[in-house]
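# Fold and geometry: a report
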Amino acid sequence: MLQEGIFSAGIWLLLVCAACSPQMNKQKFEKVNHTAQAVQHAISAGENYPQLGALIQQLSSEIEALNARVTSGKERDLVQEYSKLLKMYQDGFLLWKYHTEFSSHNFVPKGRIYVGQDVEPIVVKYRLPTETHIFEPTQQTWKSIAEDSIQIIWDNADAQVKRINTLLNE
């Protein structure tokens, strides 16, 4: 009876230690890391909107699949960092969408991005400065941000990639 209790306690301790293990299986992250690098390259190479969108969607799917396979706290932390990176890419992509869609409208000044409902949280999150405009026919006010706000987000994403690489190499 005592041996059985000691054996059970030993098994329990082994399981707890394995679950809390700081070890990280870097191979689990190879695919998501490769896709994140592909997104980063697509941005720097100036890929077109649909191609970048497809890569961001692929990254999202890979992070979701990876999230189900993590076993240690360190791996969970790394998945969380990839999720933050994904959100940055999605934010920049949304700004690019607004820039592309509204640049053909005469009411948005050249070099500006219309701040719609979808963009407002991004403006707040990254503390992007806005300009207020008046649409003359209706006297409605609206806001815009500088076109280079997209680059600010891409720069944030680059910094996040460096953070991820540091965590991967610890």
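So, here's what we can say about the structure. Source: prediction; values computed, not measured. (Residues numbered from 1 in each chain as written. Predicted model: local features only at pLDDT ≥ 70, side-chain atom pairs only at ≥ 80, totals over all residues. Heavy atoms only, no water.)

A separate point is helix 6 (residues 149–168). End to end, helix 6 covers 29 Å across 20 residues, agreeing with the expected 28 Å (1.5 Å per residue, within 8%). Three or more residues of helix 6 are buried, namely Ser-149, Ile-150, Ile-153, Trp-154, Ala-157, Gln-160, Val-161, Ile-164, Leu-167 and Leu-168. Relative to the axis of helix 6, the buried residues are bounded by an arc of 140° and lie together on one face. Of the surrounding elements, those touching the buried residues of helix 6 are helix 2 (30–45), helix 3 (49–67), helix 4 (73–102), strand 1 (112–114), helix 5 (120–125) and strand 3 (140–146). (Helix = DSSP H or I, 4+ residues; strand = E, 2+ residues; numbered from the N terminus. Expected span 1.5 Å × (residues − 1). Buried < 20%, exposed > 50% of the residue type's maximum accessible area, 1.4 Å probe, protein only. Arc of directions from axis to C-beta. Contact = heavy atoms within 4.5 Å.)

For the rest of this paragraph, the subject is helix 2. Taking 1.5 Å per residue as the helical rise, helix 2 with its 16 residues ought to reach 22 Å, and the 22 Å between its terminal C-alpha atoms agrees with that figure. Among the residues making up helix 2, those that are buried are Val-32, Asn-33, Thr-35, Ala-36, Val-39, Ala-42 and Ile-43. Structurally, helix 2 contributes buried residues whose contacts are with helix 3, helix 4 and helix 6. Looking at the residues trailing helix 2, positive phi occurs at Gly-46, about 70°.

The relation between two aromatic rings is expressed through the spacing of the ring centres and the mutual angle of the planes. Counted by the stated rule, this structure contains 9 aromatic pairs. Measuring from ring centre to ring centre gives 6.2 Å for Tyr-89 and Trp-154, while their planes differ by 55°; the resulting arrangement is tilted. Placement of the pair is Tyr-89 in helix 4 and Trp-154 in helix 6, with a sequence separation of 65 residues. Each member of the pair, Tyr-89 as well as Trp-154, is classed as buried. Seen in terms of ring centroids, Phe-93 and Trp-96 are 6.5 Å apart; in terms of plane orientation they differ by 85°. Their pairing is edge-to-face. Taken together, the residues span about one helical turn, with Phe-93 and Trp-96 both in helix 4 at a distance of 3 residues. Classification of Phe-93 as buried rests on a relative accessible area of 17%. The structure contains a cluster of three or more aromatic residues connected by ring pairs, namely Tyr-98, Phe-102, Tyr-114 and Trp-142. (Phe/Tyr/Trp six-rings, centres within 6.5 Å; stacked < 30°, edge-to-face > 60°.)

One non-glycine residue, Arg-127, lies in positive phi territory at about 55°. Here Arg-127 is to be found in the loop between helix 5 and strand 2 (130–135). We note that Gln-139 has phi near 65°; this positive angle belongs to a residue other than glycine. Following the sequence through the fold, Gln-139 ends up in the loop between strand 2 and strand 3. Owing to a relative accessible area of 49%, Gln-139 belongs among the partly exposed residues under this scheme.

What follows deals with the sheet that holds strand 2. What the 3 strands build is an open sheet, ordered 1-3-2; its pairing is antiparallel. Edge positions in the sheet fall to strand 1 and strand 2, since each has one partner strand and no second. Between one strand axis and the next, the sheet turns by 40° as a mean value, whatever way the strands run. Bridge count between strand 2 and strand 3: 6 bridges; the pairing is antiparallel. Directly across from Thr-132, in strand 3, lies its bridge partner Lys-143. Relative to the sheet, helix 4 contacts strand 1 and strand 3, its axis offset from that of strand 1 by approximately 95°. (Pairing = 2+ DSSP bridges. Axes fitted to C-alpha atoms, helices over the stretch in contact; angles between N-to-C directions.)

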